Structure formats: C-alpha cells, structure tokens
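Each chain, letter by letter, is given below.
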Amino acid sequence: MLAQIRSLRPCRSCHLLALIKRVLSLNQNGSVLGERINLSISKALRYTQVFASIDVSRRPDKADLAIGPGGSPARTRVKTMKIVVGSGWWCDGYARDWTLGSIKTRSVAFFDLWHQQVLRCLRPNRIIITDSASPLRPDLSTYELVQWTTLDKNYGHSNDIRLGLIHTKYCGFTRSVINGAMYALCCDADVYVYVEQDCLLHGENFLERAVGDSGADILLGAPPQNGRGLGPGGIAAPMVQQSLMVVRRDGLERFLIGLLSSTASDGEVPPEETMRTRLAPFDFLRVPYGRERPIDFDRSHFYAQHLTDGELAQFISKFKATDRVAAL
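Residues numbered from 1 in each chain as written. Predicted model: local features only at pLDDT ≥ 70, side-chain atom pairs only at ≥ 80, totals over all residues. Heavy atoms only, no water.

A. Looking closely at the overall build of the protein. Counting its secondary structure elements, the protein contains 10 helices and 10 strands. Taken over 328 residues, the protein has a buried fraction of 48%. A separation of at least 24 residues holds for 67% of the contacts in the protein among residues at least 6 apart in sequence. Counting only carbon and sulfur atoms, one obtains 52% of the accessible surface of the protein, whose full area is about 16,400 Å². (Helix = DSSP H or I, 4+ residues; strand = E, 2+ residues; numbered from the N terminus. Buried < 20%, exposed > 50% of the residue type's maximum accessible area, 1.4 Å probe, protein only. Contact = heavy atoms within 4.5 Å. Areas by Shrake-Rupley, 256 points an atom, 1.4 Å probe, with all protein chains shown as cover.)

Put into structure tokens, the structure is as follows:
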C-alpha cells in the first residue's frame, strides 16, 4: 500500500485522496501501525503539494476528506488560528479620578462577564492577564485558559505619571499590552487581540468581522464620535482607540518595537498618541463603538467600553449572561 502512495504523480491528486481514505480505514484504533501510516501519508502530501491544510497528525474525519463529484475533494479543513488575548487588571472596589463608566466594570463579578464574552466571540487559545498588584482578583481556579501575571506594584494610569504622582515610563495599561504581545510572539500566535478590562465584545465570529476586508497587520479602534471621556463635557478626545486591538503575527515585532522605542513616557505622550505616531501603517477595526455613543444593542457585532450601570444592565439582559454575573 505504501509503495502505491510513493508511485503517485503530483497530478493524480484525486486518486491520492481516495487512497488515503483506504489506508486510514485499515486502522481504527490509533495503533503504532496507524502512526507509521500517518507519517507516510504526510510525506506523500508534501510530495504532491496539495491538501496542505489537512492535519495529518491525527486520523481525519469525514468533514476533512469529503469527496465531491467526480472524486475531487469537496473541501478541506483550514488550519485553526492560534489566538492569544491580552488584558490588564486593577480592582480595589473604589472609583478613581480617572474612572469612566460604572465602577462595576472593574469588579470581580464583571471579570466573569468579560471572560464569557471573550470565549464566545474570540475562542482564544490563551488569555494573558497582567495584574497591577491588585488587592482584589477573581478565583483563578475557575478559568482554565487564563494565565495571570502579577506585577510587583501598581504603575498607575498615564495621568498619574503626567501629574507626577508616579515616576515611571509606562503606565499599567501599556505594560499589560506589552506583556500580552510578548507572550503572543513567544508562542508564535497567529493573532494577538488586546481587550481592555472594562471592554465587552458581542457577536459570533467576532475576529473575522473586526478584521473584515483589511490586509493590515495592526488594527486599532477608530477615533470616537461623541465618545465618553475625560474631556470637557465628558467627551472623549478624538484619538485612536485602544480598548480593542488586533495584531497579526507579521506585525507583532513592529507593534512591540513601536511601543518600546518611544522616548516619551506615557505621562508626556498618551499611549493612544504613541500608537498613532509609531505604529503606522495601521488600519481601523471594522466593528464600531468602544467609547463612542450611542450603542445600538441590536447590531450584530460591536464592542463597548466605559459602560454605565444602565448600559451594563441592558447588555446582560439582552445577551443572556451566565448566573455567575448576577452580582452585577
């Protein structure tokens, strides 16, 4: 049988596919013989340079090797992307000078809702949380994919640095972005997605919709219109948004270098402005909101930050959050 595989020509792809199915049917129990057959099939696939998306490290199922009319492959399974999500964490139960939206969005109970939506919308391989030495944190034993890193102290908000309350270069937000991106780089992730602590996602196949038709390797949020912020009248400055960011593998080194090579501190230049000037070229996400208002809760895909008590209650009611977030 293996000799038959070796004798095939590259143009005989349909015959190869049928032969693979016959070989796999010889062994249903995953024996040593099956492993040897899979190795030979792998070599044959590389020789023909077709079916590159089939995972030959396991026994394919019918969906992998579906045969279309005339013996041609109907479809093959596309390789699953490795997705790493990054975020930060600070929770002490109190509102701060720079707090926007409901204090509930920085609570332990809210983390469960945040985590639920990240799993639903992104289906990540790992979630990297960078904790700014917070006094309160979730029960980590209940979150299988979460890897929690605690810093030695709280490095504060960029405004704390600007006012001289903390003397350092990077605020806690920037440190969480860098830490998650470095983990993604070291794990050869296909995509790094940063989702800020108080930002909720909504929509199936969210990443596909967020990227849309863009070929860019870095995507940031578009500057908000009527955004919730610290400016006069509570309106956000029209800067790029960073509560949701998507970085493809090809852009990870450039993303990290852009953030690390700035000579200014986060107090001297806000992180959003550093990203605008040092991460170009980049594109904007194809899903709306972040800090922008109003929110259309009937929209199929969106992300929302700085939610008020009313907006949070509407989100929970509409999207059937789990009982664990009842405390909100």
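B. Examining the confidence of the model for the protein more closely. Summing up the model confidence of the protein, the mean pLDDT is 80 and the portion of residues at 70 or higher is 72%. Confidence drops under pLDDT 50 across residues 1–78; counting only partners more than four residues distant or on other chains, this segment forms 77 contacts. (pLDDT = per-residue confidence, 0-100.)

C. Structural detail: the pattern of salt bridges. Inspection of the entire model under this criterion finds nine salt bridges. For the salt bridge of Arg106 with Asp198, the shortest nitrogen-to-oxygen distance reads 3.3 Å. On the criterion of sequence distance, the pair formed by Arg106 in the loop between strand S1 (83–89) and helix H4 (108–122) and Asp198 in the loop between strand S4 (191–195) and strand S5 (200–202) is long-range, its members being 92 residues apart. Taking relative accessible area as the criterion, Arg106 reaches 18% and is therefore assigned buried. Assessed through its relative accessible area of 3%, Asp198 is described here as buried. (Salt bridge = Lys/Arg side-chain N within 4 Å of Asp/Glu carboxyl O.)

D. Inspection of the environment of Arg293 at higher detail. Mapping Arg293 onto the fold places it in the loop between strand S9 (289–290) and strand S10 (302–304). Given a relative accessible area of 9%, Arg293 falls into the buried group. Residues Arg293 and Pro224 lie 69 residues apart in sequence; the distance between their C-alpha atoms is 8.1 Å. Not counting residues up to four positions away in its chain, the partners in contact with Arg293 are Gln225, Asn226, Arg228, Gln305, His306, Leu307 and Glu311. At 3.1 Å, the side chain of Arg293 and the backbone oxygen of Gly290 are in polar contact. (Polar contact = N/O pair within 3.5 Å; in protein donor to acceptor, adjacent residues only side chain to side chain.)

E. Representation of the pairing of strand S7 (residues 241–248). Burial analysis of S7 places seven of its eight residues in the buried class, the great majority of the element. In this sheet, S7 lies alongside S4 in antiparallel orientation, the contact comprising five bridges. Of the residues in S7, the one forming a bridge with Tyr194 is Met245. Pairing of strand S6 (residues 218–221) with S7 involves three bridges; the strand directions are antiparallel. (Pairing = 2+ DSSP bridges.)

F. Spotlight on the packing of aromatic side chains. Tallied over the entire structure, the rule returns 11 aromatic pairs. Seen in terms of ring centroids, Trp89 and Trp148 are 5.7 Å apart; in terms of plane orientation they differ by 65°. Their pairing is edge-to-face. Here Trp89, found in strand S1, pairs with Trp148, found in strand S3 (residues 146–150); they are 59 residues apart in sequence, far enough to count as distant. According to the relative accessible area criterion, Trp89 is buried, its value standing at 3%. Ring pairing ties together the aromatic residues Trp89, Phe111, Trp114, Tyr143 and Trp148, which thus form one cluster. Cation over ring: Arg175 sits above Tyr155, and NZ or CZ is 3.6 Å from the ring centre. (Phe/Tyr/Trp six-rings, centres within 6.5 Å; stacked < 30°, edge-to-face > 60°. Lys NZ or Arg CZ within 6 Å of the ring centre and 35° of its normal.)

G. Local environment of the nonpolar core. Counting residues in hydrophobic clusters, the biggest one holds 44 residues, and the most contacted among them are Trp114, Leu122 and Val193. Per-element accounting of this core gives the leading share, eight residues, to H4. By size, the runner-up hydrophobic cluster in this structure holds 24 residues, among which are Phe173, Tyr194, Val240 and Val247. (Core = buried A, V, L, I, M, F, W, Y, C linked by side-chain atoms within 4.5 Å.)

H. Seen up close, the sheet that holds S9. If you walk across this open sheet you meet the three strands as S5-S10-S9, and the pairing is mixed. Looking at the sheet topology across the chains shown, the edges are occupied by S5 and S9. Of the strand pairs in this sheet, S9 and S10 are connected by two bridges, and their pairing is parallel. Bridge pairing in S10 links Gly290 to Ala304.

I. Seen up close, the pairing of strand S2 (residues 126–131). With respect to burial, S2 is a largely interior element, five of its six residues being buried. One ladder, built from six bridges, connects S1 with S2; its direction is parallel. Residue pairing across strands places Gly88 opposite Thr130, the latter belonging to S2.

J. Structural detail: helix H8 (residues 252–260). All buried positions along H8 are accounted for by Leu252, Phe255, Leu256, Gly258 and Leu259. Down the axis of H8, the buried side of the element spans an arc of 160°, and every buried residue falls inside it. If you follow the buried residues of H8, they end up packed against helix H6 (172–186), S4, S6, S7 and helix H9 (271–278). (Arc of directions from axis to C-beta.)

K. Region of the structure containing H4. Taking 1.5 Å of rise per residue, 15 residues should cover 21 Å, and H4 covers 21 Å from first to last C-alpha, within 8% of that figure. Within the span of H4, buried status applies to Ala109, Phe110, Phe111, Asp112, Leu113, Trp114, His115, Gln116, Gln117, Val118, Cys121 and Leu122. Looking one or two residues beyond H4, the residue adopting positive phi is Arg123, at roughly 50°. (Expected span 1.5 Å × (residues − 1).)

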